[in-house]
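One-letter residues, chain by chain:
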Amino acid sequence: MNIMQTLVALWTLVLKEIKRFTRIWPQTLLPPSITMAMYFIIFGNLIGSRIGDMDGFSYMDFIVPGLIMMSVITNSYSNVASSFFSNKFQRSIEEMMVSPMPNGVILSGFILGGMARGLGVGLIVTLVSLFFTRLTVEHPLLTILVVVLTSALFSIGGFINALLANKFDDISIVPTFILTPLTYLGGVFYSISMLPDFWQGVSMLNPILYMVNVFRYGFLGVSDIPVGWALAAIFAFIIVLFMVALTMLERGKGIRS
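You'll find the chain entered in an unreviewed UniProt entry as Transport permease protein, with Vreelandella piezotolerans given as the organism.

Observations concerning the environment of Phe159
If you trace the backbone, Phe159 turns up in helix H7 (residues 140-164). Sequence-wise, Phe159 and Phe84 are 75 residues apart; in three dimensions their C-alpha atoms are separated by 6.8 Å. Look past the residues within four positions of Phe159 in its chain and what remains in contact with it is Val80, Phe84, Leu107, Phe110, Ala245 and Leu249.

Things to note about the UniProt feature "transmembrane region" (unreviewed entry) in the chain
Following the UniProt record, one finds the feature "transmembrane region" (unreviewed entry) at residues 30-47, 59-85, 105-132, 144-165, 171-192, 204-222 and 228-249. Annotated as 74% helix and 0% strand, the span residues 204-222 places its first and last C-alpha atoms 17 Å apart. In residues 228-249, helix accounts for 100% and strand for 0%; the two terminal C-alpha atoms are 32 Å from one another.

Focus: the packing of H7 against helix H11 (residues 227-250)
One way to put it is that H7 packs onto H11 with a least axis distance of 9 Å and a crossing angle of 30°. Comparing the axis directions of H7 and H11 gives the class roughly parallel. The two elements H7 and H11 meet at a crossing, and its hand is left-handed. For the pair H7 and H11, the contacting residues are Leu142, Leu145, Val146, Leu149, Thr150, Leu153, Ile156, Phe159, Ile160, Leu163 and Leu164 in the first and Val227, Leu231, Ile234, Phe235, Phe237, Ile238, Leu241, Phe242, Val244, Ala245, Met248 and Leu249 in the second. Residues that form the contact of H7 with H11 fall into these classes: 22 nonpolar, 1 polar and no charged.

Some details on the environment of Met70
Among the structural elements, Met70 can be located in helix H4 (residues 59-89). Sequence separation between Met70 and Leu107 is 37 residues; the distance between their C-alpha atoms is 23 Å. The residues touching Met70, leaving out its near neighbours within four places in the chain, are Met36, Tyr39 and Thr183.

Some thoughts on the UniProt feature "domain: ABC transmembrane type-2" (unreviewed entry) in the chain
The positions that UniProt labels "domain: ABC transmembrane type-2" (unreviewed entry) are, in the present scheme, residues 23-252. Across residues 23-252, helical content stands at 77% and strand content at 2%; the span's end C-alpha atoms are separated by 30 Å.

Examining the pattern of salt bridges
For the structure shown, the criterion picks out 4 salt bridges. A salt bridge links Glu17 to Arg20; its shortest N-O distance comes to 4.0 Å. Of this pair, Glu17 and Arg20 both sit in helix H1 (residues 3-23), 3 residues apart, which is roughly one turn of that helix. Residue Asp170 pairs with Lys167 through a salt bridge whose shortest N-O separation is 3.4 Å. Asp170 gets classed as buried once you look at its relative accessible area, which sits at 14%. Looking at Lys167, the relative accessible area reads 46%, which means it is partly exposed. Taken together, the salt bridges that share partners define one network made up of Lys16, Glu17 and Arg20.

Examining the side chain of Asn87
By secondary structure assignment, the location of Asn87 is in helix H4. Exposure remark for Asn87: the relative accessible area of 8% places this residue in the buried category. Apart from the residues within four sequence positions on either side, Asn87 is in contact with Lys16, Ser92, Ile93, Met96 and Phe110.

Overview of unusual backbone geometry
In the Ramachandran plot, Arg91 falls in the positive-phi region, its phi being about 65° despite a non-glycine side chain. By the element assignment, Arg91 lies in the loop between H4 and helix H5 (93-98). The exposure class assigned to Arg91 is partly exposed, which follows from its relative accessible area of 47%.

Considering H11
With 24 residues, H11 extends 35 Å from end C-alpha to end C-alpha; this agrees with the ideal 34 Å at 1.5 Å per step. All buried positions along H11 are accounted for by Val227, Ala230, Leu231, Ala233, Ile234, Ile238, Ala245, Leu246, Met248 and Leu249. Looking at the buried positions of H11, the neighbouring elements they touch are H4, H5, helix H6 (103-129), H7 and helix H10 (207-220).

Calculation criteria
- Residues numbered from 1 in each chain as written.
- Predicted model: local features only at pLDDT ≥ 70, side-chain atom pairs only at ≥ 80, totals over all residues.
- Heavy atoms only, no water.
- Helix = DSSP H or I, 4+ residues; strand = E, 2+ residues; numbered from the N terminus.
- Contact = heavy atoms within 4.5 Å.
- UniProt positions renumbered as here; feature names shortened; annotations may be inferred.
- Axes fitted to C-alpha atoms, helices over the stretch in contact; angles between N-to-C directions.
- Parallel < 35°, antiparallel > 145°, perpendicular 65-115°, else oblique.
- Left-handed = near helix turned anticlockwise from the far one by under 90°.
- Nonpolar A, V, L, I, M, F, W, Y, C, P; charged D, E, K, R; others polar.
- Salt bridge = Lys/Arg side-chain N within 4 Å of Asp/Glu carboxyl O.
- Buried < 20%, exposed > 50% of the residue type's maximum accessible area, 1.4 Å probe, protein only.
- Expected span 1.5 Å × (residues − 1).

What follows is the structure, encoded as structure tokens:
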């Protein structure tokens, strides 16, 4: 395939993925916005008014970046995991594998599709948050960079999950038992400076903590960890997981019986 044919194949796959989740938007785009609105009402307004300030900001302002990031993470991950496994289950992925389309294009197409949904939901949640608080963005470029990188990272994670899954129930194991706990313990609702030294050290092992803090720094200008380290960690995770996913795909891991 020449460059133009490769780009056409990539765009076609991305467009298919976007149409897949926009066609059923009441199931893919509406529920996350309602869920996050409940978080804003319960944690931001009701509980936040009793907690007071956090790192010099109102509790609502403090949790908004974390909630936006949480919606991006979960939707980027779940979109690719469910979409690719559906293609495996229906055996349509085998048609892609025997086509002239490079494996890197297949992987990139699903990743970009997951990013489209994750970033779309993130934008919707951001708009919903405007009903509860006035957002300020101290570092716009950094904010955009980290949310795009995070969406890409968890889209790759969802792809690997789909490759390893043998049945639909396997798709929910990682989000339920790993992703959700790490997200809630990633500093979305609190600053790790509130924790004892031991638990601060344990929290530093949570990769989501770095993403939430950099994103919060982009909005508010405050972070519990050095921003440079966090960005380096995110880039490293993306490179490693992308190579793992591409290697698994090329070897037919989870596809060929």
